[in-house]
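# Structure at a glance
Read off the chains here:
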Amino acid sequence: MGLKRGLSGVNRIRGGGGSRSAALVILVFLCVFAPLVFFVGRGVYIDSSNDYANASVKQISSSFLTQVLDVITASTAHLGPFSLDSSLKKNNLSSSWRELEVDTQENQTASSSIVNAKRDTTSKGGSHQKVETPEMLYRRQLREKRRERRANELVQQHNDDTILKLENAAIERSKSVDSAVLGKYSIWRRENENDNSDSNIRLMRDQVIMARVYSGLAKLKNKTDLLQELQARIKDSQRVLGESTTDADLPRSAHDKLRDMGQVLAKAKMQLYDCKLVTGKLRAMLQTADEQVRSLKKQSTFLAQLAAKTIPNAIHCLSMRLTIDYYLLSPVKRKFPRTENLENPNLYHYALFSDNVLAASVVVNSAIMNAKDPSKHVFHLVTDKLNFGAMNMWFLLNPPGKATIHVENVDEFKWLNSSYCPVLRQLESAAMKEFYFKADHPTSGSSNLKYRNPKYLSMLNHLRFYLPEVYPKLNKILFLDDDIIVQKDLTPLWEVNLNGKVNGAVETCGESFHRFDKYLNFSNPHIARNFNPNACGWAYGMNMFDLKEWKKRDITGIYHKWQNMNENRTLWKLGTLPPGLITFYGLTHPLNKAWHVLGLGYNPSIAKKDIENAAVVHYNGNMKPWLELAMSKYLPYWTKYIQFDHPYLRRCNLLE
């Protein structure tokens, strides 16, 4: 009714024609805009509510996270510096992390300031956030100090361990350096402390070389004043250099000499320098130096061979004293006991041919000390006339326990003469005497010097090819050199089956060395036709010989045949190994390498394990253990079988 009155009032005011249009407008407004206004207002209210809720959630999460971090920090304080913060302080980060490290720290600083601000705000607002009390601050500072101290201790411990490892490694390397190998580099030598410790010495030597070059040019161009000045400076520099090896050894005047020589060389360069002439002079000097090096190398090889084969004064003294005392004995006291064992084939027989009393005593002592039953071992020693008395006297004074020993003189073997033995006949020939006794005998190289050795003149070296003649009643015999030592019981060698072969020996060949082509001349048709150049070589020093098979196959006759063919030394050089390889070709049974380890007289790199596991070790080479040339690392194996407090050894100054 109100509406009708209103509409009728309007109709009355505006008249009847416009009342219907106005009513339509009002209806549209109420139906469309009123709901729109309602929903807009509702949405604004919802947004404001959500913002308030999110703020509340964030506040609760922040407070919870802070509490969790505090609990974790307190519970892990005793673990030391193991934390995310300490890990980030280290340099174990990748490049991508290092690039962002500054930004990360800045962000962490900003975040911590924001958290602290929030803590202050919430604490002021009466929130439940924990406030850092003075006690908590003090404990936190203690934890940080403890972490820092632990980190420093770990770093210091790591550095100490590293230094200790480096020192131990250096000590191990120094142990492997053999002082007997001359000229070997050592990091502990004083001259190697500084990389330029010899720079002045090298400069002076270079100056001397250039001064000699300019001296030759000055002589060619008649520059007598400059020539005399150069020669005077060369003498001064050489006098200053002397035998100095480092700059520290030079006298104080060395710098003045360097300056004076430099001035003279600058003057000579201005007056004499010609590239072509200087090059030619240097080339001539180089060729001359090369010839001098070759000559010195040849001389050094000869002296080394001579030193290796000479007898030291102490051993010569020992031999002379023993010889004198032996011939003062009555004939009755010169006899050895148990002579009935000498021809008993059921015992273990050894053959040792030597003119060195001390070396022979070491071989016998080492074999007896390592034998399980010494009473079953028989040693047959053969020496020359000069050392016969000494060898007898030594073993009369120092009998080898229950073992049997017998000493013979090779010069008393009347059957061993030039008509029977080709080697003796060849040694008596004029060509052989010229080769041995003419000092100016031409040689094709320094390697031939080792064949001009006095041992090849002794029949002791060739007697190994006549074992059945020396010991006709024995079936097997073990041949030993005098530069070996025995480390184990050798009786199992007599049980080795040689499979019908004559010689049992350890092979020495490798991939391409110690084969027949190294010892024999395969350009000779006799050698090329009968032998394989790649056949494996073997070693003398410890050889088991089957004397029954030897006689059956006439080994001595085979040796004589080839020795006669080599009268002019065209098949092999002098020595006993090449004819041994030929004589026992196809008749050698290879033994296990552990029976016989070689090379202690020339090879400094033999494994200690191989030496200690070997039954016999062999000092073959020039560095014999009784010489000053011996390698110190191998000496203890030999010297432990010598009684250095023996009266004869003390009188001859034979010291350990």
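Scroll up for the structure.
Rules of the game
Residues numbered from 1 in each chain as written. Predicted model: local features only at pLDDT ≥ 70, side-chain atom pairs only at ≥ 80, totals over all residues. Heavy atoms only, no water. Axes fitted to C-alpha atoms, helices over the stretch in contact; angles between N-to-C directions. Helix = DSSP H or I, 4+ residues; strand = E, 2+ residues; numbered from the N terminus. Parallel < 35°, antiparallel > 145°, perpendicular 65-115°, else oblique. Left-handed = near helix turned anticlockwise from the far one by under 90°. Contact = heavy atoms within 4.5 Å. Nonpolar A, V, L, I, M, F, W, Y, C, P; charged D, E, K, R; others polar. Expected span 1.5 Å × (residues − 1). Buried < 20%, exposed > 50% of the residue type's maximum accessible area, 1.4 Å probe, protein only. Arc of directions from axis to C-beta. Pairing = 2+ DSSP bridges. Salt bridge = Lys/Arg side-chain N within 4 Å of Asp/Glu carboxyl O. Disulfide = S-S within 2.5 Å.

Below, the discussion takes up the packing of helix α7 (residues 199-220) against helix α8 (residues 224-241). It is at 9 Å that the axes of α7 and α8 come closest, and there the two elements cross at 155 degrees. Comparing their axes, α8 and α7 come out roughly antiparallel. Classified by chirality, the crossing of α8 by α7 is left-handed. Of the residues in α8, those touching α7 at Ile-201, Met-204, Arg-205, Val-208, Ala-211, Arg-212, Tyr-214, Ser-215, Ala-218 and Lys-219 are Leu-227, Leu-230, Ile-234, Ser-237, Gln-238, Val-240 and Leu-241. Across the contact of α7 with α8, the residue classes break down as 11 nonpolar, 3 polar and 3 charged.

Turning to helix α9 (residues 254-272), a few remarks are in order. Compared with an ideal rise of 1.5 Å per residue, which puts 19 residues at 27 Å, α9 spans 26 Å between its outermost C-alpha atoms and is within 8% of the ideal. Inspection of α9 places Ala-254, Leu-258, Asp-260, Met-261, Val-264, Leu-265, Ala-268 and Leu-272 among the buried residues, and these make up the whole buried set. The buried residues of α9 occupy an angular sector of 165 degrees when the element is viewed end-on, so they sit on one face. Exposed residues pointing more than 90 degrees away from the buried face of α9 are listed as His-255, Gln-263 and Met-270. Tucked into the core, α9 has its buried residues touching α7 and α8.

Turning next to the sheet that holds strand β5 (residues 484-486). On the basis of which strands lie adjacent, the open sheet formed by 3 strands has the order β5-β10-β9 and mixed pairing. Looking at which strands have only one partner, the edges of the open sheet turn out to be β5 and β9 (596-597). Summarising the sheet, β9 and strand β10 (residues 616-618) pair through 2 bridges and their orientation is parallel. Within β10, the residue paired with His-596 across the bridge is Val-616.

All right, on to the pattern of salt bridges then. Think of it this way: side chains of opposite charge can pair up when their charged atoms draw near. Tallying each qualifying case throughout the model produces 14 salt bridges. One salt bridge connects Arg-294 with Asp-290, and the closest N-O pair in it is separated by 3.3 Å. With Arg-294 and Asp-290 both in helix α10 (residues 275-309) and 4 residues apart, the pair spans about one turn of that helix. Of the charged contacts in the structure, one is a salt bridge between Glu-549 and Arg-553, with a shortest N-O distance of 3.3 Å. Of this pair, Glu-549 and Arg-553 both sit in helix α19 (residues 547-553), 4 residues apart, which is roughly one turn of that helix. On the basis of relative accessible area, Glu-549 is assigned to the buried category, the value being 15%. With a relative accessible area of 39%, Arg-553 lands in the partly exposed category. Taken together, the shared-partner salt bridges connect Arg-233, Asp-236, Arg-239, Asp-256, Arg-259 and Asp-260 into one network.

Compared with an ideal rise of 1.5 Å per residue, which puts 15 residues at 21 Å, helix α11 (residues 313-327) spans 21 Å between its outermost C-alpha atoms and is within 8% of the ideal. Elements in contact with the buried residues of α11: α12 (357-369), α13 (388-397) and α24 (647-651).

So, about the state of the cysteines. Per the counting criterion, the structure on display carries 2 disulfides. The partner cysteine of Cys-317 in its disulfide is Cys-652, sulfur to sulfur 2.2 Å. The sign of the -75 degrees torsion about the S-S bond sets the Cys-317-Cys-652 disulfide as left-handed. Residue Cys-317 is located in helix α11, and its partner Cys-652 is located in the segment after α24; the two are separated by 335 residues in the primary sequence. With its sulfur 1.7 Å from that of its partner, Cys-509 forms a disulfide with Cys-536. What sets the handedness of the Cys-509 and Cys-536 disulfide is the S-S torsion sign, and at about -100 degrees it is left-handed. Of this pair, Cys-509 sits in the loop between β6 (503-505) and α17 (516-519) while Cys-536 is found in the loop between α18 (525-530) and β7 (542-546), placing the two residues 27 residues apart along the sequence. Cys-536 sits in the buried class, given a relative accessible area of 18%. Disulfide partners in the protein chain, listed by the sequence order of the bonded cysteines, are 1-4, 2-3.

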